[in-house]
Amino acid sequence: MFCIYFVPGPQTYPTYTHLKSFQRCYFPVFVVSVSCENLKPNFIIILADDIGWGDLDVNQPEEKTNNTPYLNLMAEQGLRLTDFHSPASTCSPSRAAILTGRYGLRNGVTHNFAVGSVAGLPLSEVTLPQLLQKAGYYTAMIGKWHLGHNGPFGPTNRGFDYYLGIPYSNDMGCTDIPGYNLPQCPPCDSSGPQRSVHGGCYSKVGLPLMENSSIVEQPLDLWTLTEQYKSTATRIIQNARERGQPYLLYIALAHMHVPLAPPLLPDASAGPPEDDKVYTASLQEMDSLVGAVKSASDDADKDNTLIWFTGDNGPWEQKCQYAGRVGPFMGKWQTNRGGGSAKRTTWEGGHRVPTVAYWPGRILANTTSSTLLSGMDIFPTLLSLAGVTPPSDRRYDGIDATNILLHGEHTGHEFLFHPNSGAAGKFGDLQTVRTRKHKAFYITGAAEACGGATGRQQLHDPPLIFDLERDEAEETPLEVKTPEYQAVADRIARRREELLWDIATDKSVSTADYSTDESAAPCCDHRQPVCRCHTLGQGWETTRTHTHTKG
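As the structure is a computational prediction, the values presented were derived from the model and not from experiment.

Chemist: What is the right way to read the sheet that holds strand β9 (residues 214–217) from this model?
Modeler: What holds strands together in a sheet is hydrogen bonding between their backbones, with the strands either parallel or antiparallel. Pairing is mixed in the open sheet, where ten strands are placed in the order β9-β8-β7-β6-β10-β3-β11-β12-β4-β13. Because the sheet does not close on itself, it has two edges, and the strands there are β9 and β13 (367–369). Pairwise comparison of adjacent strand axes, ignoring direction, gives a mean angle of 15° for this sheet. Examined bridge by bridge, strand β3 (residues 42–48) and strand β10 (residues 247–252) share five bridges and lie parallel to one another. Across the sheet, I46 pairs through a bridge with I251, a residue of β10.

If you want it as structure tokens, here you go:
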């Protein structure tokens, strides 16, 4: 059996900036036939930001919501993973672990990088796109990077052939028309002096949109970003099909991170959605973007493309009405004592994320798995499916989930560690452990809830241990004196000691440089307030050669 591809001649593919200037592009084509059996699969990773396990309709059918119809369809046609966990409960560490298959204590990224960070994911780390790129894949990324934006730390120097997106979170810079946030942030002030704003708002530097290593818009327009991402993703998928080249497309969404910028109602004069409907409108917009990507993929190469949707961590609950839903994973032991139990914590709401895998003909449709898996497993799984062997000079923490996805097996992680992610304890320390149905906490507290309450940090020796089968809300820990507790505590203590020793003796451990410098912030034009540059409609190709970031 052979597949026919129409492959363009040796022309440069239109970039985002090209598409702003040209309505149509024409390329000479050649017809190529290749054996279907020898085709390497395409991979689309869609990573939502700050999304709750309960935000996916099919995770809570009893709620009878219809906010994620396209993801519901993808789950109906694929595999829903109900016990899937982000590798950390905050942005940079989670993304670093996904792209390296290693805990933050190994890859060096234990907390978030800043607007002024001079470095990023250590250069000693080998990333998934680097390995696939070497294996002949076209690699592209759209969206939030947050692993370093200067010089060699940017995405196009870490394995991606193409990049369009924001170098960090969408709240880390001002915009002219701000989205919804709590507290609400002011627009960029281009008339007055540059200033800092308290309460988590930024005003010194406009939020940049980058293409490869160039700033193409600063500040960007939050309200058109989704359409820009959607059209770029569609173009990448279509071009890869025409090339006949396998591809990795990593889409790191701005949704559902604040500031939210949902579409206006059909009647534009009616204004944006009501305040309590903002999150729902944004969730529906995110789902529509996922649906567009799936549709483009299905049209291009349906039977040879794996789409993997998941999240980087749970909801940012201190954002109140602008935060997602954790479902039944309430972390009640903590909330009953004050403080948060979602993003930045190691309660289930902080790291159990909605996850769907879709691959027609390869993944059995309308199936569900409660196998214990992690975002770190994406790295070894995709490499295995591509026939790529990871470097043998380092130790990995992710597992190959191929047989779980394709053959219905149920052997996941025997132990999974959840790193401290900005609430209690030292960044990156592995003080929460999951094994089968049990979960142990050596530290709790220190995360802010909606309303501002922060539970006090508490060390637990012996640890708190919960049975998640009986108590998914994590409300009542096991009694220390019971045989069940003793058996689980002993197993966890031994495995935790083994892992910490393994990391301590790992010669491939990296150390991230978290130093900052104001001059390291991405800036299109230092002469202008908030680094403003008016590149839209003014000859982007000329602008692109002069708006590189530092380094």
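Chemist: Which parts of the structure should I look at to understand the state of the cysteines?
Modeler: Tallied over the full model, the rule gives five disulfides. Covalent S-S linkage joins C174 and C188, the inter-sulfur distance amounting to 2.0 Å. Across the disulfide from C174 to C188, rotation about the S-S bond amounts to roughly 105°, and the bridge is consequently right-handed. Of this pair, C174 sits in the loop between β7 (162–165) and β8 (209–211) while C188 sits in the loop between β7 and β8; the two residues are 14 residues apart in sequence, bridging distant segments of the chain. For the pair C174 and C188, a shared accessibility class is recorded, and that class is buried. Residue pairing for C523: its cysteine sulfur links by disulfide to C531, the two sulfurs lying 2.0 Å apart.

Chemist: For this particular structure, what's the right way to read the sheet that holds strand β17 (residues 438–444)?
Modeler: Within the open sheet, the four strands sit side by side as β15-β16-β17-β18. Their pairing is antiparallel. On the outer flanks of this sheet lie β15 (416–419) and β18 (458–467), each paired with one strand and no other. Averaged over all pairs of adjacent strands, the angle between strand axes in this sheet comes to 20°, irrespective of strand direction. Direction of pairing for strand β16 (residues 430–435) relative to β17: antiparallel, over a ladder of four bridges. Within β17, the residue paired with T432 across the bridge is F441. Contacts from helix α12 (residues 483–504) reach β15, β16, β17 and β18, with the element oriented near 125° to β16.

Chemist: Hey, could you run me through unusual backbone geometry in this one?
Modeler: A negative phi angle is the norm for most residues apart from glycine, just as the trans form is the norm for most peptide bonds. The omega torsion of the bond from V258 to P259 falls at 0°, within 30 degrees of zero and hence cis. Looking at the secondary structure, you find P259 in the loop between β10 and α7 (278–301). Of note, the amide linkage connecting D461 to P462 takes the cis form, showing an omega dihedral of 10°. Along the chain, P462 falls in strand β18. Within the chain, N212 stands out as a residue other than glycine whose phi angle is a positive 55°. In this structure, N212 sits in the loop between β8 and β9. Its identity as a non-glycine residue notwithstanding, N366 has a phi of 55°, on the positive side. As for its placement among the helices and strands, N366 is situated in the loop between β12 (355–358) and β13. Taking relative accessible area as the criterion, N366 reaches 60% and is therefore assigned exposed.

Chemist: In this structure, what is going on with the packing of helix α2 (residues 69–76) against α7? I would like to understand it.
Modeler: In the contact formed by α2 and α7, the axes pass within 7 Å of each other and the chain directions differ by 45°. Our classification of the angle between α2 and α7 gives oblique. Across the interface between the two elements, P69, Y70, L71, L73 and M74 from α2 touch M286, D287, S288, V290, G291 and K294 from α7.

Chemist: Would you explain the nonpolar core in this entry?
Modeler: Across soluble globular proteins, nonpolar side chains have a tendency to be buried as a group. Within the largest apolar cluster, 57 residues are counted, with the highest numbers of intra-cluster contacts made by I44, I46, L249, I251, M286 and F309. Of all the elements, α7 adds the most residues to this core, at nine residues. Beyond its immediate chain neighbours, meaning those up to four positions away, I44 contacts I237, Y247, L249, I251, V293, S297, T305, L306, I307 and W308.

Chemist: I would appreciate a short explanation of the environment of P273 in the present structure.
Modeler: Looking at the secondary structure, you find P273 in the loop between β10 and α7. As for P273 and P262, which are separated by eleven residues in sequence, their C-alpha atoms are 7.8 Å apart. When neighbours within four sequence positions are excluded, P273 is seen to be in contact with Y180, P262, P263, V278 and A281.

Rules and cut-offs
- Residues numbered from 1 in each chain as written.
- Predicted model: local features only at pLDDT ≥ 70, side-chain atom pairs only at ≥ 80, totals over all residues.
- Heavy atoms only, no water.
- Pairing = 2+ DSSP bridges.
- Helix = DSSP H or I, 4+ residues; strand = E, 2+ residues; numbered from the N terminus.
- Axes fitted to C-alpha atoms, helices over the stretch in contact; angles between N-to-C directions.
- Disulfide = S-S within 2.5 Å.
- Buried < 20%, exposed > 50% of the residue type's maximum accessible area, 1.4 Å probe, protein only.
- Contact = heavy atoms within 4.5 Å.
- Parallel < 35°, antiparallel > 145°, perpendicular 65-115°, else oblique.
- Core = buried A, V, L, I, M, F, W, Y, C linked by side-chain atoms within 4.5 Å.

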